[in-house]
Amino acid sequence: MQIQLSWIDPNTEERREPLLETPVAIGRVFEEMPQQINGQRVSRVAIADDLIADYHALIDWQNQELTITEQNTSSDIKINGLQVTGGILKNGDRITIGTCEIAIEFTATAWECDRMIGFLFKRRCGRTDRIGCPDCNQTYEDDYAFYSDYGNYRSGWGRDYYDERDRYSYDRETGNVDFTEADSVSLEDERDADFESNMGAS
Amino acid sequence: MLIDLQKLRKNQIYTAKATVKNLMADLQEIAELDRLAELQQSKHGKRALQYFLAILGSFVLTVVLSVLKVETTVLGLAIILLVLGIFVLTILLIYELFKKIQFSKLNIVNYRYEVTQRVVQMLARDIDESGEIELNLSFKSTVSQEYKQTIIHPRKPQWKIDKYQHEWLKLEGQFLDKSHFLLTATELSKTQYGWKRGSSGKSKYKSKTNAVGLDVFLTLNYPQRRYGAVKILQNEVSNAVKLPNLSYLRGLKVTEKAMHMSVRMAPQVADNSGEIYQTITMMFLSLYQVLNLAKILSK
Ligand SMILES: [Zn+2]
């Protein structure tokens, strides 16, 4: 399950908004935080701030609730301004670690994205978190823009083949592709006939 | 799959065979480590500059005090303290520079992991969640001994050319429709060198290095049952190809089972993550465009 954290980096003063897979470890030293907990990969967030412990806190799901726990007796954690050693986090809560105030966003409802994705193989997106989806939508559109008319055979490349698509038959056994000439001749006759009758009518 | 940091730092190569999700997490971690290294590097660089300015200031002050005609014990003491200060500051300066160099070694080239992150994300749309991707990502410099091949200059006698070919990206996997892809990016550079006789008759040693560009290769092995009609499109496949302005098609081969595509990117965009990503995406979309039409005709 993904959660979104956002804070202002105390050193560079730029806003950071990573979208992270839980569990999430927060601390000052990257290497001091665990890579894995109970076989689950940990997303590690390192913030260079003297008031933050090497491995300060861990955010994870427990009994369907997002929790935060301190990892060091000297670590200070505040949830919405209140001093705690740990607790349950709700969507929109703000935690304070060191001098950093970190806003947390997530959605716990069972919801699935029904957008069709895939360039080669169309299928339902099916993502279960709302936060992840806008991201996939946006870059998806951008990538399509690189190839104008992508997927359109009516006017672009391959138009002739597409127009006559019904006349091709592919034999899965032999791998041969046949083009039914007889049909094409009869269709041509039809067109000529239409043209002649139109001429006659006018 | 978890990153072995020590190994990554030592070999400058990241290799993995993992699901998209784990691969993305690893790449995110590499990006984070790189960001931290950049931060540390600039911090130590700033401090080194401050110490340098302090040394310069102290030095000027020492000279000024020395040329003053008045001689008092206080003045003499001040000069001794200043000299001592310069000594200490120099040690600190050396330390900060040392730290800066240490972190600069951890500071890897950004464009390579940035491109890889975006390409994996793009390909993920057509890959099964449990499907594994094989990735080889090198952060080494192209101009290094191991990628070098020396040849004799074709026109200038006594001259040689060092050719560098570094395949820094290799990405392999399977799409949901059972098509298999193999993508590589190879950076090219060459150095020509030799002796040149000037108008005065004296011989001079000359050397010239040119970045040649980036070669991107893509192979798509497609299942015949689904896309068998590709062969009737064979002669027109190249017309379906669209590429950015500074990239051009060098080769395109279509066989019963696979399509091979080779694109050269100009040297001025060979390390531009946006341009590389666009080229790679357009290569995939071009071949997808062919496959999708083949599927319609293969019914
Ligand atoms: Zn979605």
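Residues numbered from 1 in each chain as written. Chains lettered and ligands numbered in written order. Predicted model: local features only at pLDDT ≥ 70, side-chain atom pairs only at ≥ 80, totals over all residues. Heavy atoms only, no water.

What about helix H4 (residues 110-123) of chain B?
All names here are of chain B.
Thinking step 1. For H4, spanning 14 residues, the distance from its first C-alpha to its last is 20 Å, which sits close to the expected 20 Å at 1.5 Å a residue.
Thinking step 2. With respect to burial, H4 is a largely interior element, 10 of its 14 residues being buried.
Thinking step 3. Taken together, the buried positions of H4 are Tyr111, Arg112, Tyr113, Val115, Thr116, Gln117, Val119, Val120, Met122 and Leu123. (Helix = DSSP H or I, 4+ residues; strand = E, 2+ residues; numbered from the N terminus. Expected span 1.5 Å × (residues − 1). Buried < 20%, exposed > 50% of the residue type's maximum accessible area, 1.4 Å probe, protein only.)

Examining helix H3 (residues 73-106) of chain B
Residue and element names in this part refer to chain B.
Thinking step 1. Here H3 spans 50 Å end to end across 34 residues, near enough to the 50 Å set by a 1.5 Å rise per residue.
Thinking step 2. Along H3, the residues classified as buried are Leu75, Leu82, Ile86, Leu89, Leu93, Glu96 and Phe103.
Thinking step 3. Elements in contact with the buried residues of H3: helix H2 (20-67). (Contact = heavy atoms within 4.5 Å.)

Notes on the interface of chain A and chain B
Thinking step 1. Across the boundary between the two partners, chain A contributes 45 residues, which contact 54 residues of chain B.
Thinking step 2. Across the chain A/chain B interface, buried area totals approximately 4,700 Å², and carbon plus sulfur atoms make up 58% of it.
Thinking step 3. When residues of chain A are sorted by the area they lose upon contact with chain B, Arg41, Leu120 and Trp157 of chain A head the list and together hold 19% of the total.
Thinking step 4. Between Asp9 of chain A and Arg35 of chain B there is a salt bridge, and its shortest N-O distance comes to 3.8 Å. (Buried area = accessible area lost by both parts, 1.4 Å probe. Salt bridge = Lys/Arg side-chain N within 4 Å of Asp/Glu carboxyl O.)

A closer look at the nonpolar core
All names here are of chain B.
Thinking step 1. Formed by 82 residues in total, the largest nonpolar core has its most connected members in Leu123, Phe284 and Tyr288.
Thinking step 2. The element contributing the most residues to this core is helix H7 (residues 273-297), with 13 residues.
Thinking step 3. Sequence-distant contacts of Leu123, defined by excluding residues within four places in its chain, comprise Leu171, Phe175, Phe181, Phe284 and Tyr288. (Core = buried A, V, L, I, M, F, W, Y, C linked by side-chain atoms within 4.5 Å.)

What to know about the sheet that holds strand S8 (residues 57-62) of chain A
Residues and elements named next belong to chain A.
Thinking step 1. If you trace the 5 strands from one edge of the open sheet to the other, you get S7-S4-S8-S9-S12, paired in mixed fashion. Both edges of this open sheet fall to strand S7 (43-46) and strand S12 (86-89), since each of them pairs with a single strand only. Strand-to-strand twist across the sheet, computed as the mean angle between neighbouring axes with direction ignored, equals 20°.
Thinking step 2. Looking at chain direction, S8 and strand S9 (residues 65-70) are connected through 6 bridges and run antiparallel. Note on S9: the bridge partner recorded for Trp61 is Leu66. (Pairing = 2+ DSSP bridges. Axes fitted to C-alpha atoms, helices over the stretch in contact; angles between N-to-C directions.)

Focus on unusual backbone geometry
Thinking step 1. With an omega dihedral of -5°, the bond running from Thr22 of chain A to Pro23 of chain A counts as a cis peptide bond.
Thinking step 2. Along the polypeptide, Pro23 of chain A turns up in the loop between strand S3 (19-21) and strand S4 (24-27).
Thinking step 3. One non-glycine residue, Gln12 of chain B, lies in positive phi territory at about 60°.
Thinking step 4. Counting through the fold element by element, Gln12 of chain B comes out in the loop between helix H1 (5-11) and strand S1 (13-19).

Observations concerning the confidence of the model for chain A
The predicted coordinates of low-pLDDT regions are not to be read in fine detail.
Residues and elements named next belong to chain A.
Thinking step 1. Across chain A, the average pLDDT comes to 81, with 84% of residues at or above 70.
Thinking step 2. Element-level mean pLDDT values for chain A span from 46 in helix H3 (residues 181-201) up to 94 in S4.
Thinking step 3. In this model residues 189-202 is a low-confidence stretch, pLDDT under 50, and it forms 1 contact with partners more than four residues away in sequence or in other chains. (pLDDT = per-residue confidence, 0-100.)

Concerning the pairing of strand S14 (residues 100-105) of chain A
Residue and element names in this part refer to chain A.
Thinking step 1. Examined bridge by bridge, strand S1 (residues 2-8) and S14 share 3 bridges and lie antiparallel to one another. Bridged to Leu5 within S14 is Ile104.
Thinking step 2. As defined by bridge partners, strand S13 (residues 94-97) adjoins S14 across 4 bridges and the pair is classed as antiparallel. Its bridge partner lying in S14, Arg94 is registered against Ala103.
Thinking step 3. Taking the residues that link successive antiparallel strands as the turn, the S13-S14 hairpin has 2 residues, and the phi of Gly98 there is positive, at about 60°.

Some words on the packing of aromatic side chains
Residues and elements named next belong to chain A.
Thinking step 1. As enumerated under the stated definition, the model contains 22 aromatic pairs over all chains in all.
Thinking step 2. Between the aromatic rings of Phe119 and Tyr150, the centroid separation amounts to 6.0 Å while the plane-to-plane angle is 90°, which identifies the pairing as edge-to-face. Here Phe119, found in the loop between strand S15 (116-117) and strand S16 (123-124), pairs with Tyr150, found in the loop between helix H1 (132-145) and helix H2 (159-163); they are 31 residues apart in sequence, far enough to count as distant.
Thinking step 3. Among the residues examined, Phe119 registers a relative accessible area of 3% and is labelled buried. (Phe/Tyr/Trp six-rings, centres within 6.5 Å; stacked < 30°, edge-to-face > 60°.)

Some words on a nonpolar patch on the surface
Residues and elements named next belong to chain B.
Thinking step 1. A cluster of nonpolar side chains, namely Phe59, Val60, Val63, Val64, Val67 and Leu68, defines an oily patch on the protein surface of about 530 Å² accessible area.
Thinking step 2. Mapped onto the elements of the fold, Val63 is located in helix H2.
Thinking step 3. Using a relative accessible area of 40% as the deciding quantity, one classes Val63 as partly exposed. (Patch = residues over 30% accessible without salt bridge, like charges linked within 9 Å, V, L, I, M, F, W, Y side chains within 5 Å. Areas by Shrake-Rupley, 256 points an atom, 1.4 Å probe, with all protein chains shown as cover.)

Section: the side chain of Thr62 of chain B
Residues and elements named next belong to chain B.
Thinking step 1. Relative to the helices and strands, Thr62 resides in helix H2.
Thinking step 2. Residue class for Thr62 comes out buried when judged on its relative accessible area of 10%.
Thinking step 3. Side-chain polar atoms of Thr62 contact the backbone oxygen of Ser58, separated by 2.5 Å.
Thinking step 4. Sequence-distant contacts of Thr62, that is, excluding residues within four places in its chain, are made with Ile79, Leu82, Val83 and Ile86. (Polar contact = N/O pair within 3.5 Å; in protein donor to acceptor, adjacent residues only side chain to side chain.)

Structural notes on a positive patch on the surface
Residue and element names in this part refer to chain B.
Thinking step 1. A grouping of Arg155, Lys156, Lys196, Lys204, Lys206 and Lys208 is seen on the molecular surface, where their side chains present a positively charged patch.
Thinking step 2. By secondary structure assignment, the location of Lys206 is in strand S6 (residues 203-221).
Thinking step 3. Overall, the relative accessible area of 37% leaves Lys206 in the partly exposed class. (Lys, Arg positive; Asp, Glu negative; His and termini not counted. Charge placed at Lys NZ, Arg CZ, Asp CG, Glu CD.)

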